[in-house]
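Examining the three-dimensional arrangement
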Amino acid sequence: MSQGPAKRKPIKSNIFDVVPAPAEIPQNVLQKNFERVRACKGGEGIIEVGIADLFINWCRKNSLWYLYYATACCGIELMQGGASKYDFDRFGAVFRATPRQADMLMTAGTITHKMAERVQRIYAQMPEPKYVIAIGACTITGGPFYKDSYSVVKGVDLILPKVDVYVPGCPPRPEAWIEGIRNLQNLIMKTKNYGLKKA
Amino acid sequence: MKTLSAQEIFEKLKGKFGDGVVSLQTESVNPPFAVVPPGSIQEVCRFLKEDPDLLFDYLVCISGVDHKDKFAVAYHVYSTEHRHRIGVKAMLPHDNPVIPTVDVVWKAAIYLERETYDLMGIVFEGSCDPNRILLPDDWEGHPLRKDYIYPEQYHGIKI
Amino acid sequence: MTEPISKEALRTDEWTINMGPHHPSTHGVLRLELTTDGEIVSKARPSLGYLHRGLEKIGERVAWAQFMPFTDRLDYLAGMNCNCAYAWAVEKLAGIEIPERAEWIRVLVCELNRISSHLVAWGSFCADMGAFTPLLYGIREREWVNDLFEMVCGQRLTYNYARIGGVSHDLPPGFLEKTKEFCDYFEPLIDEYNRLITYNKILVHRLKNIGVISARDAIEWGLSGPNLRGSGFAYDIRRAEPYSVYPKLDFNVVVGHADRGTLGDCFDRYLVRIDEMRESVKIVRQVIDRIPDGPVMAKVPRVFKPPAGECYFRAESPRGETGFYLISDGGTNAYRLKIRTGSYMAMNIFEKISKGVMISDIVALIGSFDIILPETDR
Ligand code: SF4
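This is a predicted model, so every value here is computed, not measured.

1. What to know about the overall build of chain C
What chain C contains, in helices and strands, is 14 helices and eight strands. For a compact globule of 378 residues, the expected C-alpha radius of gyration is about 21 Å, and chain C comes in at 22 Å, within 12% of that figure. Taken along its principal axes, the extent of the C-alpha atoms in chain C is 95 × 50 × 35 Å. Put simply, chain C has 378 residues, and 65% of those count as buried. Partitioning the intrachain contacts of chain C with sequence separation of at least 6 by distance along the chain shows that 72% fall at a separation of at least 24. Of the accessible surface of chain C, which amounts to about 12700 Å², a share of 53% is contributed by carbon and sulfur atoms. For chain C, the distance from the average position of its 46 positive side-chain charges to the average position of its 50 negative side-chain charges is 3 Å.

2. Details of the interface of chain C and chain B
Each partner contributes to the interface: chain C provides 43 residues, whereas chain B provides 48 residues. At the boundary of chain C and chain B, one finds seven salt bridges. Across the salt bridge formed by glutamate 241 of chain C and arginine 85 of chain B, the nearest N and O atoms sit 3.3 Å from each other. Scanning the region where chain C abuts chain B turns up 22 residue pairs in polar contact (both at pLDDT 80 or more). The leading source of residues in the side of chain C that touches chain B is strand β6 (residues 309-317) of chain C, at five residues. The class makeup of the residues in the side of chain C that touches chain B is 19 nonpolar, seven polar and 17 charged. Note: strand β2 (residues 29-30) of chain B against β6 of chain C, two bridges, orientation parallel. Across the sheet, residue valine 29 of chain B finds its bridge partner in β6 of chain C, namely glutamate 310 of chain C.

3. Some thoughts on the nonpolar core
Formed by 235 residues in total, the largest nonpolar core has its most connected members in Met106 of chain A, Tyr75 of chain B together with Tyr161, Phe186, Tyr270, Phe324 and Ile362 of chain C. In terms of residues, this core owes the most to one element, helix α4 (residues 100-128) of chain C, which gives 13 residues. With residues near it in sequence (within four places) discarded, tyrosine 75 of chain B still touches Phe33, Ile41, Leu59, Cys61, Ile62, Ile86, Gly87, Val88, Ile99, Pro100, Val102 and Phe124 of chain B.

4. Some details on the sheet that holds β2 of chain B
The strand order across the open sheet formed by four strands is β2(B)-β6(C)-β7(C)-β8(C), and the pairing between neighbours is mixed. Taken across any chain shown, the strands that pair with only one partner, and hence form the sheet edges, are β2 of chain B together with β8 (336-340) of chain C. Most of the contacts of helix α3 (residues 79-94) of chain C go to β6 of chain C, to which it runs at about 150°, and overall it touches β2 of chain B together with β6, β7 (320-328) and β8 of chain C.

5. Regarding the interface of chain C and chain A
Facing 38 residues of chain C, the contacting portion of chain A comprises 36 residues. Considering only the surface of chain C that becomes buried against chain A, His22, Tyr50 and Arg53 of chain C emerge as the three largest contributors, covering 21% of it. Across the contact surface, chain C and chain A share four salt bridges. Here arginine 61 of chain C ties to aspartate 148 of chain A by a salt bridge, and the two come within 3.1 Å at their closest N and O atoms. Remark: the boundary between chain C and chain A carries 16 residue pairs in polar contact (both at pLDDT 80 or more). Those elements giving two or more residues to the side of chain C that touches chain A turn out to be α1 (55-61), α2 (68-74) and α5 (133-153) of chain C. It is α5 of chain C that contributes the most residues to the side of chain C that touches chain A, nine residues altogether. Taken together, the residues of the side of chain C that touches chain A sort by class into 18 nonpolar, nine polar and eleven charged.

6. A few points about the site of the ligand
Contacts to the ligand come from 14 residues, most closely from Cys73, Cys74, Ala137, Cys138 and Cys170 of chain A. Around the ligand the close residues trace back to chains A and C. Among the secondary structure elements, those contributing two or more residues to the shell around the ligand are α4 (73-82) and α6 (136-141) of chain A. Broken down by element, the shell around the ligand gets its largest block of residues, three residues, from α6 of chain A. Classifying every residue of the shell around the ligand by side-chain character gives nine nonpolar, four polar and one charged.

7. Brief notes about helix α13 (residues 359-369) of chain C
Residue and element names in this part refer to chain C. Of all the eleven residues making up α13, nine are buried; the element is thus mostly covered by neighbouring parts of the structure. Among the residues making up α13, those that are buried are Asp361, Ile362, Val363, Ala364, Leu365, Ile366, Gly367, Ser368 and Phe369. Aspartate 370 occupies a position one or two residues after α13 and carries a positive phi of about 50°.

8. Quick look at the sheet that holds strand β3 (residues 33-36) of chain B
Residues and elements named next belong to chain B. Read from one edge to the other, the open sheet built from five strands follows the order β1-β3-β6-β5-β4, with strand pairing classed as mixed. A single partner strand is all that each edge strand has here, and the edge strands are β1 (23-25) and β4 (58-66). Pairwise comparison of adjacent strand axes, ignoring direction, gives a mean angle of 25° for this sheet. One ladder, built from eight bridges, connects β4 with strand β5 (residues 70-78); its direction is antiparallel. The residue of β5 that forms the bridge with glycine 64 is valine 73. Sheet strands touched by helix α1 (residues 6-17): β1, β3 and β6 (85-93). Its angle to β1, the strand with the most contacts, is close to 160°.

9. Focus: the pattern of salt bridges
Residues and elements named next belong to chain C. Counted under the stated rule, the structure contains 44 salt bridges over all chains. Residue aspartate 289 is joined to lysine 180 by a salt bridge in which the shortest nitrogen-to-oxygen separation is 3.7 Å. You can see aspartate 289 sitting in helix α11 (residues 266-290) and its partner lysine 180 sitting in helix α6 (residues 175-198), a full 109 residues away along the chain. On the accessibility criterion, lysine 180 (37% relative accessible area) is partly exposed.

10. Looking at unusual backbone geometry
Residues and elements named next belong to chain A. Cis geometry is adopted by the peptide bond preceding proline 171, which originates at cysteine 170 and carries an omega value of -5°. Locating proline 171 in the fold gives a position in the loop between β5 (165-167) and α7 (174-189). Even without glycine at this site, aspartate 87 takes up a positive phi of about 55°. With respect to the secondary-structure elements, aspartate 87 resides in the loop between α4 and β2 (95-96).

11. Points about the packing of helix α3 (residues 109-120) of chain B against helix α12 (residues 342-353) of chain C
Where α3 of chain B meets α12 of chain C, the axes come as close as 8 Å, and the angle between the chain directions of the two elements is 115°. Here α3 of chain B and α12 of chain C pass one another in a crossing that is right-handed. Along the contact surface, α3 of chain B presents Ile110, Tyr111, Leu112 and Glu115 of chain B, while α12 of chain C presents Tyr344, Met345, Met347 and Asn348 of chain C. Split by residue class, the contact of α3 of chain B with α12 of chain C holds six nonpolar, one polar and one charged.

12. Comments concerning helix α2 (residues 41-50) of chain B
Buried within α2 of chain B are the following residues: Ile41, Val44, Cys45, Phe47, Leu48 and Lys49 of chain B. For α2 of chain B, the secondary structure elements touched by its buried residues are α1, β3, β5, β6 and β7 (98-100) of chain B together with α8 (215-220) of chain C.

13. Overview of the environment of lysine 190 of chain A
Along the polypeptide, lysine 190 of chain A turns up in the segment after α7. Distance from lysine 190 of chain A to aspartate 53 of chain A, taken between C-alpha atoms, is 9.0 Å for residues 137 residues apart in sequence.

What counts as what
Residues numbered from 1 in each chain as written. Chains lettered and ligands numbered in written order. Predicted model: local features only at pLDDT ≥ 70, side-chain atom pairs only at ≥ 80, totals over all residues. Heavy atoms only, no water. Helix = DSSP H or I, 4+ residues; strand = E, 2+ residues; numbered from the N terminus. Rg over C-alpha atoms; globule rule 2.2 N^0.38 Å. Buried < 20%, exposed > 50% of the residue type's maximum accessible area, 1.4 Å probe, protein only. Contact = heavy atoms within 4.5 Å. Areas by Shrake-Rupley, 256 points an atom, 1.4 Å probe, with all protein chains shown as cover. Lys, Arg positive; Asp, Glu negative; His and termini not counted. Charge placed at Lys NZ, Arg CZ, Asp CG, Glu CD. Salt bridge = Lys/Arg side-chain N within 4 Å of Asp/Glu carboxyl O. Polar contact = N/O pair within 3.5 Å; in protein donor to acceptor, adjacent residues only side chain to side chain. Nonpolar A, V, L, I, M, F, W, Y, C, P; charged D, E, K, R; others polar. Pairing = 2+ DSSP bridges. Core = buried A, V, L, I, M, F, W, Y, C linked by side-chain atoms within 4.5 Å. Axes fitted to C-alpha atoms, helices over the stretch in contact; angles between N-to-C directions. Buried area = accessible area lost by both parts, 1.4 Å probe. Near = heavy atom within 4 Å. Left-handed = near helix turned anticlockwise from the far one by under 90°.

Quick look at the structure:
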């Protein structure tokens, strides 16, 4: 490991035009990086993955399979967004029925206290890396039920360890969801070291 | 088909039960309520359902009402045959709200009574399914009561 | 020689399986506790409340007019119907007369919403049965209705359009023409749906003779709406206890008529919804032709206090009878607000009719009732 980290291409914030197609990444660079990762896996220390990050992130961001998880009104917009007119599939977001195949949890709809433990369990069942988008006022703060309801959880971030993107609205329009997915893709492109924490 | 007015229905009830039926409440109430003592609710309902002139075969709604010093249970019934309707009401004491079930008369009462028990805390004696339905089993209190105080937290999550 | 296997050794046990609350074909967060013997379900007990948001308590804590947005969330597939039902109920309680045009507008939006709600019901039902295309078709048309609603109130799903005393805005210019265009476009499509899937052999075989409910049972257990009419009993509140301008309109009450299997099976309930869309288009056309001009809002004081009293109002929404039992003590809030919904009562009979069906038929049963969870849980 003497040659130091591979030079990272700068990632511009606008995601649409700078993502290189995988063919553009020189094969030997990729190969070298993968080998380095393999070498480091058992040991400790920081894994420097350089340009492979770019490739992995590119793959991840374009196959964000989401869990078909609709609890309330926002779930209908989820359905309409995934269907004919808005078609989330264009962004690689395809719905999955089981959490074990999903990368992304879009909490579409009110979470009640009776439901809270189930959400936690669903989240635990999802494989890493996993992302959460809190959709709608209900899962951000409790929304219209904030003040007067006795059984609504006041925000999904009280029960899940992290929420990546918040999309406000009651319900958000499908355009806003698409914006949310795009923002998540931006975030993913900024991930380093496969998202592993530095030692 | 012969649609009866609330007054006529009440007269029929009065004819059958005499003083068992207390009064007819019509003022600014739609539909009018026949107020009956809680003990005779089953017989009254069975009569309403089976009498050929009344034939109230459709139980529309059961609602519990908290009047602070007493509870009321309101039954709305409808006849698909004669197309008339009436309400039946029973008043219960506040410290011990217990009333016989009517799920032996209309099966529709099962869920309506479970809901009323869950949210209002009125006990339906002899019910075939006397459990909570909407709230978790370990929830404390009955939220639709006027003196209900919102809990601080549930299973460690802030409310 | 092997010993003959004793009956004891072949004994099978019953399993308890949990279906939901997160399950793709329970239409939300319904949970069923299934007791099964192999594929045969011996008991399916619904466990509700995963979306219980306490709407009735909220109704007591907010002002009368402020409860209107919550009625959208009561049945999000048919927000207009719930909006208008609540508005009609409060007007009945307070004795308010609303302008003629507002009544017609309400009927117009209610029927449009009935179409769009049945479209989703149909699409997701077919998706549960393994055919995904109808969902895409259904949503395609639903988007058109959503666009129409966006014109009148600016929202796609939670409309908050009705007001106590009328509706919030008059119809925008060009709306009636667009609606007419939609009717012309949509009516032939219903036949296309029928050609596409309704008489498809697989669908028919999965639905006929499943979950048979006799009309007598349906009334006894409190079913209403298309679920009751599927059993062949013509009971529609728009006809039985007419409200608004429905008596002036010409439409038929659709009932099931044992098209393929037994009367009152899943297929009948499915067909009732398809045919009801046709009737709704008919109503929409009549409203477009006959809607009068005039104001859309009655004079209602800003601080609205209905006189003390009680009233029960019911309206026909796509999922059956939506009833509001309102008690006012003369204050700015409701003293008690009880909501009666069609889906909740449909869950009541579920345990009874799911005895002895296959697990895959459970999905057909849920779909045929077209339940929606905020209605069952409130
Ligand atoms: S944010 Fe609004 S639309 Fe979404 S689930 Fe909550 S109440 Fe329904």
